[in-house]
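Inside the fold
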Amino acid sequence: MTTATLTPEQIRVTPDRRTLIVVLPGDERIELPAEMLRVMSPSAEVQGHSPSQRQTVGGKIQVQIIDIQPVGNYAVRIMFDDMHSSGIFTWTYLAELGREKEERWQAYLDELKAKGLKRER
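A few points on the structure. It should be emphasised that the depicted structure is a prediction, and the values quoted were computed from it without experimental measurement.

Side note on the nonpolar core
Within the largest apolar cluster, 28 residues are counted, with the highest numbers of intra-cluster contacts made by Leu20, Leu37, Met40, Ile65, Ile78, Phe89 and Leu94. Listed by contribution, the elements that provide at least two residues to this core are β2 (19–24), β3 (28–33), α2 (34–39), β5 (75–80), α4 (91–99) and α5 (101–114). Sort the elements by how many residues they give to this core and α4 lands first, with five residues. Once residues lying within four places of it in the same chain are set aside, the contact partners of Leu37 are Leu20, Leu32, Ile65, Ile78, Phe80, Phe89, Leu94 and Leu97.

Structure (structure tokens):
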């Protein structure tokens, strides 16, 4: 799929600021929790500059989305209420998170447990 075929028809945040809704062409609807977006942010702060530098972020169960800003025609920058805003979420990455939501979330929960971290603060 090209970036053009993944360009969302709609992006919005639910009134409680805890879920990002992305509607892709063909009426594919993706709902991504703010917590998931925050802990899986594509930022260097979370992902590092190599796989060995990737951080496991806990304590974000209450995080909310406070702003979404377009980045060119290929992505959005999401600002969270903990002031994290350095991740650029491409259309491709958002689609991947939507398609792999359950597997990625379970891997995250397993990683938290293995590292003795919690979702709450």
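Having seen the structure, we can now continue with the description.
A short note on the sheet that holds strand β6 (residues 88–90)
With antiparallel pairing, the three strands of this open sheet are ordered in space as β4-β5-β6. Taken across any chain shown, the strands that pair with only one partner, and hence form the sheet edges, are β4 (65–71) and β6. Strand-to-strand, the axes of this sheet are offset by a mean angle of 30°, without reference to chain direction. Bridging between β5 and β6 involves three bridges; their strand directions are antiparallel. Bridged to Arg77 within β6 is Ile88.

Brief notes about the environment of Arg54
Relative to the assigned elements, Arg54 resides in the loop between α3 (44–47) and β4. Separated by eleven residues in the primary sequence, Arg54 and Ser43 have C-alpha atoms spaced 9.9 Å apart. With residues near it in sequence (within four places) discarded, Arg54 still touches Val46, Gln47, Gly48 and Glu111.

Cut-offs applied
- Residues numbered from 1 in each chain as written.
- Predicted model: local features only at pLDDT ≥ 70, side-chain atom pairs only at ≥ 80, totals over all residues.
- Heavy atoms only, no water.
- Core = buried A, V, L, I, M, F, W, Y, C linked by side-chain atoms within 4.5 Å.
- Buried < 20%, exposed > 50% of the residue type's maximum accessible area, 1.4 Å probe, protein only.
- Helix = DSSP H or I, 4+ residues; strand = E, 2+ residues; numbered from the N terminus.
- Contact = heavy atoms within 4.5 Å.
- Pairing = 2+ DSSP bridges.
- Axes fitted to C-alpha atoms, helices over the stretch in contact; angles between N-to-C directions.

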